[in-house]
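# Remarks on the overall topology
So the chains spell out like this:
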Amino acid sequence: MEQELKNTLKYVQRQIQLPEEIDIESILKRKKRFNSKQAVIFVALTVLFLLLVPNVTPSWAGLKLFGTSDQPTHPYSEYLVHDAHYYIPTVERLSKEQLASKLGTISRIGDWEFLREGDTTQYPPDSNYYSIKDKSPDKYIAVEILGGTARKRTIEYYQVLKRAKLVEKPDVKSIFGGKNDLTEVQAAYQNIRKVVPFLRILQSPELKRTSIVLRNDGSRYHVKLEYRPTPESSMGQTVTIPGDDHITEKFIWIQEYPEGYQDGIIKGNHVDYNGDFQYDPNHKIGEFISNGLKWIQYSRTYEHAPYDPLFSTKVNRVIYEVSSQGCTVEEMKKILETFEQAPKK
């Protein structure tokens, strides 16, 4: 389309005879008006623009543009949240004798929209933080810096953190991605289902939605969801795979996108952002019908395929791919019976 527009503009330019010399002074003295030929050219270009541009703009109309990152933006990259404020690291170190009392224990590390007491991007879970003797916790606190090994951790020293900005309240309407935080995931889901007409979800009571993120390629949406079994689930939350020595956690991932989606393409055959949908599209294992949808099972491209099945279906030119970790084919077939259009409210 872009080349067609360029060619048309070149054709219009060739129809205009430009003078060899231009007398700027005389032009400025004239009244500004279109002559008939200029008017015709102006109208022609306007019509051309209106005819060609709609081929692009309808796919953008109403499209909320989001980046490919689901990470929230905060004023600091390294922080610990205490008393609804950011505390940022300093270079000052303390000994145990300089501490006053324990303020709390870090329970999670990461970056979320909804920040809570003890949230951090810097320090590992189970690290404690303290008030400091002769200093107000409204200005300074200290956190223990752990060392040693995974089996035997030791406290190397205590780092001083300085109080900074008040933690901002998130704009709930602008959240279109969330992970491992029920409030954040639910807010993102509510917003995404308002703008994505093809959204489908698993409604099994044995699963909990642990992640959802909306992406786009400039003209089409892509949604990825993650589910995990609930503690009460009959399918269990983990599995020990035969021939493997470790316990594998169970996950289910779903990605949904229209045909022609152009971002995140792997080897030109399917979309995959994080390696959860690696499969051979030319190697079909089987087919089955579930809840009115025809699913195709594909071969995975790595080990433990019997416990990591991948399925795909297509509805109204929208592709739905379901991948799993630690789940059997029979477990997934039962789960897919609950795969339905997301309710509008």
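In case you missed it, the structure is sitting above this.
So, here is what we can say about the structure in this document.

### As for unusual backbone geometry
The phi angle of most residues is negative, glycine excepted, and most peptide bonds adopt the trans form. Look at Asn 180: it is not a glycine, yet its phi comes out positive at around 60°. Along the chain, Asn 180 turns up in the loop between β7 (177–179) and α5 (182–195). Note on Asn 180: relative accessible area 54%, which makes it exposed.

### Some words on the sheet that holds strand β2 (residues 85–94)
The pairing of strands in a sheet happens through backbone hydrogen bonds and is either parallel or antiparallel. Across the sheet, which stays open at both edges, the six strands sit in the order β1-β2-β6-β5-β4-β3 with antiparallel pairing between neighbours. Only two strands of the sheet have a single partner each, and these edge strands are β1 (80–82) and β3 (99–105). Here the average twist between neighbouring strands, direction ignored, is 45°. Relative to strand β4 (residues 128–132), β3 runs antiparallel, the two sharing four bridges. Residue pairing in the sheet places Leu 99 in a bridge with Ile 132 of β4.

### Overview of the sheet that holds strand β17 (residues 293–300)
The antiparallel open sheet is built from eight strands, whose spatial order is β7-β9-β10-β13-β19-β18-β17-β16. Looking at the sheet topology across the chains shown, the edges are occupied by β7 and β16 (279–290). Each strand axis lies, on average, 25° off the axis of its neighbour in the sheet, ignoring direction. Across three bridges, the pairing between β17 and strand β18 (residues 310–315) is antiparallel.

### A few points about the pairing of strand β10 (residues 221–229)
Taken across its nine residues, β10 has nine buried, putting it largely inside the fold. A two-sided burial pattern is seen for β10, the buried positions comprising Tyr 221, Val 223, Leu 225, Tyr 227 and Pro 229 on one face and His 222, Lys 224, Glu 226 and Arg 228 on the other. Where strand β9 (residues 207–216) and β10 come together, nine bridges link them in antiparallel fashion. Residue pairing in the sheet places Asn 216 in a bridge with Tyr 221 of β10. Hairpin connection, β9 to β10: the antiparallel pair is bridged by four residues, and Gly 218 has positive phi, about 105°.

### Side note on the environment of Glu 287
With respect to the helices and strands, the residue Glu 287 is situated in strand β16. The spacing of Glu 287 and Gln 297 is 10 residues in sequence and 6.1 Å in space, taken between C-alpha atoms. Filtering out sequence-adjacent residues up to four positions away, Glu 287 remains in contact with Lys 294, Trp 295 and Ile 296. A polar contact is formed between the side chain of Glu 287 and the side chain of Lys 294, at a distance of 3.4 Å.

### What to know about the pattern of salt bridges
Going through the model one piece at a time under the given rule, you end up with 13 salt bridges. The residue Asp 217 makes a salt bridge to Arg 220 at a minimum N-O spacing of 3.1 Å. A relative accessible area of 22% means that Asp 217 is categorised as partly exposed. A residue is classified by how much of its surface remains accessible, and Arg 220, at 28% relative accessible area, is partly exposed. Note that Glu 259 and Arg 317 form a salt bridge whose closest N and O atoms lie 3.0 Å from each other. Taken together, the positions of Glu 259 in the loop between β13 (251–258) and β14 (265–266) and Arg 317 in the loop between β18 and β19 (318–325) put the pair 58 residues apart, joining distant regions of the chain. Residue class for Arg 317 comes out exposed when judged on its relative accessible area of 61%. Overlapping salt bridges bring together Arg 108, Arg 116, Asp 119 and Asp 181 as one network.

### A closer look at α5
For the α-helix, the turn length of 3.6 residues means that residues three or four positions removed from each other point alike. Here α5 spans 21 Å end to end across 14 residues, near enough to the 20 Å set by a 1.5 Å rise per residue. Those residues of α5 hidden inside the fold are in contact with β7, β8 (200–202), β9 and β10. A distance of 3.1 Å separates the backbone nitrogen of Thr 183 from a side-chain oxygen at the start of α5, and that oxygen is part of Asp 181.

### Side note on the side chain of Ser 204
Along the chain, Ser 204 turns up in the loop between β8 and β9. Residue Ser 204 is classed as buried on the basis of its relative accessible area of 9%. In this structure, Ser 204 is in contact with Ile 335 and Thr 338, ignoring residues within four places of it in sequence.

### A look at the side chain of Lys 224
For Lys 224, the position within the fold is in strand β10. Once you skip the residues sitting within four places of it in the chain, Lys 224 turns out to touch Ser 211, Ile 212, Val 213, Arg 215, Trp 253, Ile 254, Gln 255, Asn 274, Asp 276 and Phe 277.

### Some thoughts on the environment of Pro 309
Mapped onto the elements, Pro 309 comes out in the loop between β17 and β18. C-alpha separation for the pair Pro 309 and Gln 297, spaced 12 residues apart in sequence, amounts to 7.2 Å. In this view, Pro 309 contacts Gln 297, Arg 300, Val 322, Ser 323, Ser 324, Cys 327, Thr 328, Val 329 and Met 332; residues no more than four positions away in its chain are not counted.

Reading the values: rules and limits
Residues numbered from 1 in each chain as written. Predicted model: local features only at pLDDT ≥ 70, side-chain atom pairs only at ≥ 80, totals over all residues. Heavy atoms only, no water. Helix = DSSP H or I, 4+ residues; strand = E, 2+ residues; numbered from the N terminus. Buried < 20%, exposed > 50% of the residue type's maximum accessible area, 1.4 Å probe, protein only. Pairing = 2+ DSSP bridges. Axes fitted to C-alpha atoms, helices over the stretch in contact; angles between N-to-C directions. Contact = heavy atoms within 4.5 Å. Polar contact = N/O pair within 3.5 Å; in protein donor to acceptor, adjacent residues only side chain to side chain. Salt bridge = Lys/Arg side-chain N within 4 Å of Asp/Glu carboxyl O. Expected span 1.5 Å × (residues − 1).

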